[in-house]
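Survey of secondary and tertiary structure
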Amino acid sequence: MATTPALTDQQISDAYIYLLSRLLVLRQQQLDFNEGFQWNRLVHRKPGEVAWPNPNLDVAYSEAWIAVDETSCALVSVPEISGRYYTVQFLNGWGETVANLNERVFPRHPHGLFAVCLKGSQVEVPAGAQRVDVPVKRMRVLSRVELGANWDEAVALQQQFEIRSTGRPAAPAPPKTLMFEMDALPGVEAFDSAGLALDSEADINPGMDGLQAAVRAIASAAAQPGERKRIDEVIRTKAFADLGKAMPKLGHGTVRDGWALPSTSGVYGEDWLVRTLINYGGIWANTPEEVIYYKAFTDTAGKPLSGDHAYTMHFAKERLPAQHATHFWSVIAVDSVQRRVLPNAQKRYLLNKESDLQYGADGSLTLYFADAQPEGAPHGNWLPTPRGLSYSLTFRFYRPRGEVAARTFFPPPLAVR
């Protein structure tokens, strides 16, 4: 498979979608460093101050890019936190989660000092530190602290997370790969960055050799004008269509009552398709043990969600969302292009347990999604969704339990009001 003519349109489409996963992470890395990020330095964000698709606005985020090597580890200080969700997530350059630091993973060392080290390195770590081995040298880090009802307390805890290096690990400038807008994905020019994208970060997942070989072959052929035109046409017709077809099911996910449950998140194994879809639609997803995500793109009639309509979701008393999360649940609406929360005069961007929800006389819960507050709808149960915007909903269950953890639960359908 040395030349592009030997590759089918489907192989070109698959190679493009596979490569896009890495390019999306590199795009965000370049944006971060252009903003002023420095290696091994944690940036504490104000609540709501995040700059990537499909954000979780229930938590205070801190972010970093860290480097480790054979002679140095990253020391992470985690404060003692009780009764509030928290984690420090580490991801590689393909969006794969390689570690979480929290009380679930380390019940005997839920807080204090952690030494995140390259697997196999012989670095001496401080006494009392919990060593955590990772398979890669460079990682994206996100710490999350549940905001809950007391944001000041959450922010005070957030500020106590710290990261520092034990030495001077190699920390090169981010690869200067192709930059693009989320609403204007690249065509054949994506393959101009293919060599740099693949060479700068190995894919730790098995079974990717064939796709990587195809990516390199296409990149080589793209230097020939005739082949370059053909590749671009295949991408803009078939690859884009394949992405659009896969998105409503999140690849190999399950759809019920209009809600899609991905086959996995955060760690992807051989499922490179869902990895790209999640990096595109909601980068930095965590593992199912930490959070399970559901996406809704359509109403009960199968029509795309639109701010031009009003919708309701009705939970029976015995199936309330709080029953399925150890810590918290939430639902947000994001636009269909940039995947950003919807602007609205109310400045309300999610519904969760802190939303002053009102329950029915029978203990049930109804949520409302509409441009204006529907008649009879409690204010706390309403999420504004402005007219003229198409959007999707993301439902999250943090530290899932019960039917959600068993993957047998789906949120209620969205009915047009």
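Report on the accompanying structure. (Residues numbered from 1 in each chain as written. Predicted model: local features only at pLDDT ≥ 70, side-chain atom pairs only at ≥ 80, totals over all residues. Heavy atoms only, no water.)

Focus: the pattern of salt bridges
Here the structure, examined in full by the defined rule, presents 22 salt bridges. Measuring nitrogen to oxygen at the nearest pair gives 2.8 Å for the salt bridge that ties Asp 192 to Arg 228. In this pair, Asp 192 sits in the loop between β9 (162–165) and α3 (194–199) while Arg 228 sits in helix α5 (residues 225–246), placing the two residues 36 residues apart along the sequence. With a closest N to O distance of 3.3 Å, Arg 399 and Glu 290 form a salt bridge. Of the two residues, Arg 399 sits in strand β18 (residues 391–400) while Glu 290 sits in the loop between α6 (272–282) and β12 (291–296), which places them 109 residues apart along the sequence. Exposure class is identical for Arg 399 and Glu 290. Each is buried. Linked through salt bridges whose partners overlap, the residues forming this network are Asp 32, Glu 35, Arg 45, Glu 63 and Arg 140. (Salt bridge = Lys/Arg side-chain N within 4 Å of Asp/Glu carboxyl O. Helix = DSSP H or I, 4+ residues; strand = E, 2+ residues; numbered from the N terminus. Buried < 20%, exposed > 50% of the residue type's maximum accessible area, 1.4 Å probe, protein only.)

Some remarks on the environment of Ala 15
Within the secondary structure layout, Ala 15 lies in helix α1 (residues 9–35). Remark: the alpha-carbon pair of Ala 15 and Gln 212, spanning 197 residues in sequence, is separated by 7.5 Å. Apart from the residues within four sequence positions on either side, Ala 15 is in contact with Phe 191, Leu 211, Ala 214, Val 215 and Ile 218. (Contact = heavy atoms within 4.5 Å.)

Regarding the nonpolar core
Judged by nonpolar contacts, the single largest core of 42 residues is most densely connected at Tyr 16, Tyr 18, Leu 19, Phe 191, Val 215, Ile 231 and Ile 235. At the level of elements, α1, α3, α4 (209–221), α5 and α6 are the ones that each hand at least two residues to this core. Considering each element in turn, this core owes the most residues, 10 residues, to α1. The residues contacting Val 215, other than those within four sequence positions of it, are Ala 15, Tyr 18, Leu 19, Phe 191, Ala 194 and Leu 198. Ranked by size, the runner-up nonpolar core spans 30 residues in total, among them Val 132, Val 141, Leu 147 and Ile 163. (Core = buried A, V, L, I, M, F, W, Y, C linked by side-chain atoms within 4.5 Å.)

Details of the pairing of strand β8 (residues 138–146)
β8 sits mainly inside the fold: 8 of its 9 residues count as buried. Bridge analysis of strand β2 (residues 59–67) against β8 gives 9 bridges, and the strand direction is antiparallel. Bridge assignment links Val 59 to a residue of β8, and that residue is Glu 146. Here 6 bridges tie strand β4 (residues 86–91) to β8, and the two strands are oriented antiparallel to one another. Bridged to Gln 89 within β8 is Leu 142. (Pairing = 2+ DSSP bridges.)

Quick notes on the state of the cysteines
All told, the structure shown has 1 disulfide when counted by the stated rule. Paired by a disulfide, Cys 73 and Cys 117 hold their sulfur atoms 2.1 Å apart. A torsion of 115° about the S-S bond marks the disulfide between Cys 73 and Cys 117 as right-handed. One end of the pair, Cys 73, is in the loop between β2 and β3 (74–78); the other, Cys 117, is in strand β6 (residues 112–118), and 44 residues separate them in sequence. The class of Cys 117 is buried, set by a relative accessible area of 0%. (Disulfide = S-S within 2.5 Å.)

Observations concerning the sheet that holds β8
A sheet is described by the order of its strands in space; here 5 strands give the open sequence β1-β2-β8-β4-β5, paired in antiparallel fashion. Only two strands of the sheet have a single neighbouring strand rather than two, namely β1 (43–44) and β5 (97–101). In terms of strand pairing, β4 meets β5 through 4 bridges, oriented antiparallel. Within β5, the residue paired with Gln 89 across the bridge is Asn 100.

Looking at the sheet that holds β3
The strands that make up a sheet are held in pairs by hydrogen bonds between backbone atoms, and each pair lies either parallel or antiparallel. Ordered by their spatial adjacency, 4 strands build an open sheet running β7-β6-β3-β9, and the pairing between neighbours is mixed. The strands lining the two open edges of the sheet, one partner per strand, are β7 (130–134) and β9. On average, each strand axis in the sheet is inclined to that of its neighbour by 25°, with strand direction left out of account. Across 5 bridges, β6 lies against β7 in parallel orientation. Note on β7: the bridge partner recorded for Leu 118 is Val 134. (Axes fitted to C-alpha atoms, helices over the stretch in contact; angles between N-to-C directions.)

Brief notes about the pairing of strand β16 (residues 365–370)
Summarising burial for β16: 6 of the 6 residues are buried, a large majority. The alternating pattern of β16 places Leu 365, Leu 367 and Phe 369 and Thr 366, Tyr 368 and Ala 370 on opposite faces, both of which are buried. Of the strand pairs in this sheet, strand β13 (residues 311–315) and β16 are connected by 5 bridges, and their pairing is antiparallel. Paired with Tyr 311 across the bridge in β16 is Phe 369. Judged from the 3 bridges that link them, β16 and strand β17 (residues 382–384) form a sheet pairing that is parallel. Counted as the bridge partner of Ala 370 is Pro 384 from β17.

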